[in-house]
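Residues per chain are reported as follows:
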Protein chains: 2
Amino acid sequence: MITPPSQDARTAARDRLAALAIPTGALGRLGELAVWWSSVRGEATPAPPSHVRAVVFAGDHGVAAHGVSAYPSAVTGAMVRAFASGVAGTSVLARQHDVHLRVLDLGVDGDFPDLDPAIGAYKIRRGTEPFHLADAMTLDEARRAVEAGAAIAAEEIAAGADLLIGGDMGIGDTTTAAVLTAAVLGLPAVEVVGRGTGIDDEGLRVKTEVIDTALRRAQDRTADPIDLLSAIGSPDIAAQAGFISAAAQAGVPVLLDGAIATAAALVAERLTPGVAPWLAAGHRSTEGAQWHALKDLGLEPLLDLGMRLGEGSGAVTAVPLVRSAALLLSDMALLSEIL
Amino acid sequence: MITPPSQDARTAARDRLAALAIPTGALGRLGELAVWWSSVRGEATPAPPSHVRAVVFAGDHGVAAHGVSAYPSAVTGAMVRAFASGVAGTSVLARQHDVHLRVLDLGVDGDFPDLDPAIGAYKIRRGTEPFHLADAMTLDEARRAVEAGAAIAAEEIAAGADLLIGGDMGIGDTTTAAVLTAAVLGLPAVEVVGRGTGIDDEGLRVKTEVIDTALRRAQDRTADPIDLLSAIGSPDIAAQAGFISAAAQAGVPVLLDGAIATAAALVAERLTPGVAPWLAAGHRSTEGAQWHALKDLGLEPLLDLGMRLGEGSGAVTAVPLVRSAALLLSDMALLSEIL
């Protein structure tokens, strides 16, 4: 069981929020966010996050070759290169918000001999098996992917992170996230399927069938999260689950991105119960799976901008809101100070 | 008629957005916002806003003494002092986002001999008459308030503003904004009334009655916006209407705050048709009046955080989103560059 965030800090933050020179509740979600930030930092008025570190977990998904995505798997590798060159969407947003960003290849179906070898330091395998037909990866690979995520979180925390973000890059990843979410929560395929990068109606029908078949394959594998990841997961999502779990164990908060990060958080909560209070949700994904996963985790997203870029972009876009919340709580006048 | 934003820049921005290395529409609202920013700046890939200037228009509202607010008018003056000391909510947010901020007393029922006299340079009168019983101010005062707003906008533009924000501070201001919105749009009181700073059910009933009575007084005064402001406006909101109108005439975009700013924009559109394309909406207010006014202006808010602090706080909180939109459009890779 994970140690919960500080109840004393939460109470002190709530008291200060109630004493600010504003009408009750006038900060809306920023007030709740400020109280959460105080609880996870263990102080009444903590400094805003100044060492935000984001990791994009890249990997290919075997199902991508089975008509579930609008793009071919080759795009995954091209996007890893775009991250390495700093021209991906999340690269741009991370520079804007002073967020440290690195991309790691956990399971891309290709290699990057011309890039910094650190990108592949935690690579588990090249792509996954199409999980509606066979196990996505071995039990050992699933375990190593989760451990890799924990090791990555430890590196980020050692580098001084006060807020962590995980993103995912991989053609087919919304299919994997949807299957994992449905398997963990016992939902049918139609409740979790979404258009991902933008498939048409026929693609949506195929994707729903693939998810449905995978769910039937996995229905007896939900008791052990590692077994479930082996059956229908992927190294990138397994690593993000290990990353989130390790962050919560170390008492470092995580700002979730969209459907894939939230599916990883759902798995992390099963790996190590008590993760959820360490999390905030950065943005509302357009994928139905995220709606269900957030509900289960008790989280409400900050932004709802119709973004479906993935790669941690929604969470990085929400970083200034966490900073606003912290600053409002610490720097605004109390009613007693102005009257 | 106001010159519309650049159609050429809008087309060039749309073309670039479609060519980015992302799935179609994956930036969601940030993509639309980027196209808007390009159109109002007249360039395909303009720099993000770096000289954002916000003005808080302060004034008292005679109706506040008639049971429509949870707070007494004395709070208006206290908040002007909080702004002068930099400890109001918007002061904190403006520092975070490098937004220049000043507060101006247009109609506070009190004076500030100990503060910088510039705060009162555009003062029109002390408070308004309770507009369900009498005209809020004279025709001449309404005209001078609108002109003051235009002069203030000219000062901000001369200081280099590339994006303007108007906020309002004044106990009773949501009642005035609701009446103005209802009068301009021909709506009944129940459609525009809200809880403002947090009135109870009995307060809401009284506020609805006051709005209804004021609307009956104003029903023959809607043809001329100046006459309408004289009947049921206030110097602070009239000035913000003039400020928005002058900004649009000068081709400088405005990021709207909540219910009061949006009511001012509605009046500005009647003063000088063609204002709306120069506007973006920063956040969703909890006041029903804003919903109707935004719909009429064809605007959709960026944030929906349940904030009801006023003072421009919602717009300032949304500033990083405008910057994100501009940066994503200019700095992300094109698909042709990565494949």
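Residues numbered from 1 in each chain as written. Chains lettered and ligands numbered in written order. Predicted model: local features only at pLDDT ≥ 70, side-chain atom pairs only at ≥ 80, totals over all residues. Heavy atoms only, no water.

Within an unreviewed UniProt entry, the label attached to chain A reads Nicotinate-nucleotide--dimethylbenzimidazole phosphoribosyltransferase, and the organism entered is Aeromicrobium tamlense. Per UniProt, chain A carries the Sequence similarities (unreviewed entry) text "Belongs to the CobT family." Database annotation for chain A, UniProt heading Pathway (unreviewed entry): "Nucleoside biosynthesis; alpha-ribazole biosynthesis; alpha-ribazole from 5,6-dimethylbenzimidazole: step 1/2." (UniProt positions renumbered as here; feature names shortened; annotations may be inferred.)

Quick word on the overall build of chain A
Per the secondary structure count, chain A includes 14 helices and five strands. The C-alpha atoms of chain A give a radius of gyration of 20 Å, which matches the 20 Å a tight globule of 339 residues would have. Each principal axis of the C-alpha distribution contributes one length, and for chain A these read about 70 × 45 × 35 Å. By residue count, 64% of the 339 residues in chain A fall in the buried class. Across chain A, the fraction of contacts at a sequence separation of at least 24, relative to all contacts at a separation of at least 6, is 76%. (Helix = DSSP H or I, 4+ residues; strand = E, 2+ residues; numbered from the N terminus. Rg over C-alpha atoms; globule rule 2.2 N^0.38 Å. Buried < 20%, exposed > 50% of the residue type's maximum accessible area, 1.4 Å probe, protein only. Contact = heavy atoms within 4.5 Å.)

Here we look at the domain arrangement of chain A
All names here are of chain A. According to the domain assignment, chain A contains domain 1 (7-47 + 325-338) and domain 2 (52-319). The centre of domain 1, based on its C-alpha atoms, is set 32 Å off from the matching centre of domain 2. With six residues of domain 1 in contact, the opposing surface of domain 2 contributes twelve residues. Interface area for domain 1 against domain 2, summed over the two sides, is near 770 Å², with a carbon-plus-sulfur share of 65%. (Domains from an automatic or database assignment. Buried area = accessible area lost by both parts, 1.4 Å probe.)

Quick notes on helix α13 (residues 313-331) of chain A
All names here are of chain A. The terminal C-alpha atoms of α13, which comprises 19 residues, lie 28 Å apart, in line with the 27 Å expected from a rise of 1.5 Å per residue. Within α13, the axis deviates most sharply at V319, by approximately 30°, and proline P320 lies no more than four positions further along. Burial of α13 is extensive: 17 of the 19 residues sit out of reach of the surface. (Expected span 1.5 Å × (residues − 1). Bend = angle between axes of the 7 residues up to and from the residue.)

Some points on the environment of L299(A)
Residue and element names in this part refer to chain A. When you line up the elements, L299 lands in the loop between α12 (288-297) and α13. For L299, a relative accessible area of 13% gives the class buried. As for L299 and L256, which are separated by 43 residues in sequence, their C-alpha atoms are 9.9 Å apart. Those residues in contact with L299, other than ones at most four positions away along the chain, are L256, A276, L279, A281 and L294.

Some remarks on the pairing of strand β1 (residues 52-59) of chain A
Residues and elements named next belong to chain A. Buried residues dominate β1, accounting for eight of its eight residues. Relative to strand β2 (residues 100-107), β1 runs parallel, the two sharing seven bridges. Residue pairing in the sheet places A58 in a bridge with D105 of β2. (Pairing = 2+ DSSP bridges.)

Brief notes about helix α4 (residues 89-96) of chain B
Among the eight residues of α4(B), six are classified as buried, and the element is accordingly described as predominantly covered. Regarding α4(B), the residues found buried are G89(B), T90(B), S91(B), V92(B), L93(B) and A94(B). In the core, the buried residues of α4(B) are packed alongside α13 of chain A together with α3 (74-85), β2 (100-107) and α13 (313-331) of chain B. Directly beyond the C-terminal end of α4(B), a positive phi value near 55° is found at D98(B).

As for the pattern of salt bridges
Residue and element names in this part refer to chain A. One pass over the structure, following the stated rule, counts 42 salt bridges over all chains. Here D111 ties to R126 by a salt bridge, and the two come within 2.7 Å at their closest N and O atoms. Of this pair, D111 sits in the loop between β2 and α5 (139-158) while R126 sits in the loop between β2 and α5, placing them 15 residues apart in sequence. What makes R126 partly exposed here is its relative accessible area of 47%. (Salt bridge = Lys/Arg side-chain N within 4 Å of Asp/Glu carboxyl O.)

Quick word on the side chain of T181(B)
Residue and element names in this part refer to chain B. Looking at where T181 falls in the secondary structure, it is placed in helix α6 (residues 173-185). Reaching out from T181, the side chain makes a polar contact with the backbone oxygen of A177 at a distance of 2.8 Å. In this view, T181 contacts V192, A263, L266, A289 and A293; residues no more than four positions away in its chain are not counted. (Polar contact = N/O pair within 3.5 Å; in protein donor to acceptor, adjacent residues only side chain to side chain.)

Digging into the relation of the copies chain A and chain B
Structural alignment of chain A on chain B gives an RMSD of 0.0 Å, achieved by rotating through 180° and translating 0.0 Å along the axis. The two molecules are tied by a two-fold rotation axis, judged by turn and shift. Residue L303(A) of chain A places its C-alpha closer to the rotation axis than any other residue of that unit, at 3.4 Å. Looking at the interface residues of chain A, 100% of them are also at the interface in chain B, so both copies use one shared face. (Least-squares fit on C-alpha atoms with pLDDT ≥ 70 in both.)

Examining the environment of R53(B)
Residue and element names in this part refer to chain B. The residue R53 is located in strand β1 (residues 52-59) in this model. On the basis of relative accessibility, which here comes to 15%, the residue R53 falls in the buried class. C-alpha separation for the pair R53 and L187, spaced 134 residues apart in sequence, amounts to 33 Å. Within the local environment of R53, its side chain forms a polar contact with the side chain of H100, the two groups lying 3.3 Å apart. Side-chain polar atoms of R53 contact the side chain of E156, separated by 2.5 Å.

Some thoughts on unusual backbone geometry
At D98(A), a position not held by glycine, the phi torsion is positive, near 55°. Within the secondary structure layout, D98(A) lies in the loop between α4 (89-96) and β2.

Section: the interface of chain A and chain B
Frequently, the measure chosen for interface size is the accessible area removed from exposure when the parts meet. Between chain A and chain B, the residue contacts involve 42 residues of the former and 42 residues of the latter. Interface area, chain A with chain B, both sides summed: about 3,400 Å², of which 70% is carbon and sulfur. Sorting the residues of the side of chain A that touches chain B by element identifies α2 (29-41), α3 (74-85), α4 and α13 of chain A as the ones contributing at least two each. Looking at which element gives the most residues to the side of chain A that touches chain B, the answer is α13(A), with eight residues. Classifying every residue of the side of chain A that touches chain B gives 27 nonpolar, ten polar and five charged. (Nonpolar A, V, L, I, M, F, W, Y, C, P; charged D, E, K, R; others polar.)

A short note on the packing of aromatic side chains
Two numbers describe a pair of aromatic rings. These are the distance of the centres and the angle of the planes. All names here are of chain B. Following the criterion strictly, the structure yields four aromatic pairs over all chains and no others. Look at F57 and F243: their rings are 5.2 Å apart centre to centre, the planes differ by 75°, and that puts the pair in the edge-to-face class. Taken together, the residues F57 in strand β1 and F243 in helix α10 (residues 235-249) connect sequence positions 186 residues apart. (Phe/Tyr/Trp six-rings, centres within 6.5 Å; stacked < 30°, edge-to-face > 60°.)

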